[in-house]
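Commentary on secondary and tertiary structure
Okay, here's what each chain looks like letter by letter:
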Amino acid sequence: MITELASQEKVVGVKQSRKAIREGRARRVYLACDADPAITDPIADSCAQAGIPVETGYTLAQLGQACHITVGASVVAVLAP
């Protein structure tokens, strides 16, 4: 599933992902398993309320690499077409 991050339209980061979830544009959200729960838990709650699937099996480094950025990514939201 992480391969979709290279080809799909997405937003990276907490603020942009939160906005996409709130606006109903997020189709799937990836949360880094090694990120601070204080950051990821509120996002996970928002996804649960909105019925958006969440993937948590990847690390900060793996998500960052999949998004072609040089730093880790705690939250990535794949946007609906």
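All of the points below concern the structure found in this document. (Residues numbered from 1 in each chain as written. Predicted model: local features only at pLDDT ≥ 70, side-chain atom pairs only at ≥ 80, totals over all residues. Heavy atoms only, no water.)

1. What to know about the side chain of Arg28
Definition in use: Counting from the N terminus, the helices are DSSP H or I runs at least four residues long and the strands are E runs at least two residues long. Pairing of N or O atoms within 3.5 Å defines a polar contact, subject to two protein rules: one partner must be a possible hydrogen donor and the other a possible acceptor, and residues neighboring in sequence count only if both atoms are side-chain atoms.
The residue Arg28 is located in strand β2 (residues 26-32) in this model. Within the structure, the side chain of Arg28 is placed 2.9 Å from the side chain of Glu55, a separation counted as a polar contact.

2. Some thoughts on the pattern of salt bridges
Quick note on the threshold: Only one rule defines a salt bridge in this text: a Lys or Arg side-chain nitrogen within 4 Å of an Asp or Glu carboxyl oxygen. Burial classification: accessible surface area is computed with a 1.4 Å probe over protein chains only, and a residue below 20% of its type maximum counts as buried, one above 50% as exposed, and the rest as partly exposed.
Overall, the coordinates contain two salt bridges when judged by the stated rule. Here Arg25 makes a salt bridge to Glu23, at a shortest N to O gap of 2.8 Å. The exposure class of Arg25 is partly exposed, given its relative accessible area of 34%. With its nearest N and O atoms 2.9 Å apart, the salt bridge here joins Glu55 to Arg28. Separated by 27 residues along the polypeptide, Glu55 in strand β3 (residues 54-58) and Arg28 in strand β2 bring together distant segments of the chain.

3. Some points on helix α3 (residues 37-50)
This is how it is decided: Here the expected length of a helix is defined as 1.5 Å per residue gap, with one fewer gap than residues. The directions from the helix axis to the C-beta atoms are what the arc is built from. The contact rule is simple, with two residues in contact once any of their heavy atoms fall within 4.5 Å.
Along its 14 residues, α3 runs 19 Å from first to last C-alpha, staying within 8% of the 20 Å computed at 1.5 Å per residue. Listing the buried residues of α3 in full gives Thr40, Ile43 and Cys47. Looking straight down α3, one finds that the buried residues subtend no more than 65° of arc, so they occupy a single side. Away from the buried face of α3 by more than 90 degrees, exposed residues Ala38, Ala48 and Gln49 are located. Summarising the contacts, the buried residues of α3 are in contact with α2 (14-22), β2, β3 and β4 (75-79).

4. Some remarks on the packing of α2 against α3
Threshold: Helix axes use the C-alpha atoms of the stretch in contact, all axes being lines fitted to C-alpha atoms, and the angles between their N-to-C directions lie in the range 0 to 180 degrees. Roughly parallel means an angle under 35 degrees; roughly antiparallel, over 145; roughly perpendicular, 65 to 115; everything else is oblique. A crossing counts as left-handed when the near helix is turned anticlockwise from the far one by less than a right angle, and as right-handed when that turn is clockwise. Classes in brief: Ala, Val, Leu, Ile, Met, Phe, Trp, Tyr, Cys and Pro nonpolar; Asp, Glu, Lys and Arg charged; the others, Gly included, polar.
Following both chains from N to C, one finds α2 and α3 inclined at 10°, their axes separated by 10 Å at the closest point. On the basis of their axis angle, the class for α2 and α3 is roughly parallel. Seen along the crossing, α2 lies across α3 with a hand that is left-handed. Residues Val14, Arg18 and Ile21 of α2 touch α3, and the partners they reach there are Ile39, Ile43, Ser46 and Cys47. Residue composition of the contact of α2 with α3, by class: five nonpolar, one polar and one charged.

5. Section: α2
Quick reminder: α-helices carry 3.6 residues per turn. Residues three or four places apart thus point the same way. Buried within α2 are the following residues: Ser17, Ala20 and Ile21. Each buried residue of α2 sits inside an arc of 100° when the element is viewed along its axis, so together they form one side. Exposed side of α2, more than 90 degrees from the buried face: Lys15 and Arg22 are the residues found there. Tucked inside the fold, the buried residues of α2 contact β1 (10-12), β2, α3 and β4.

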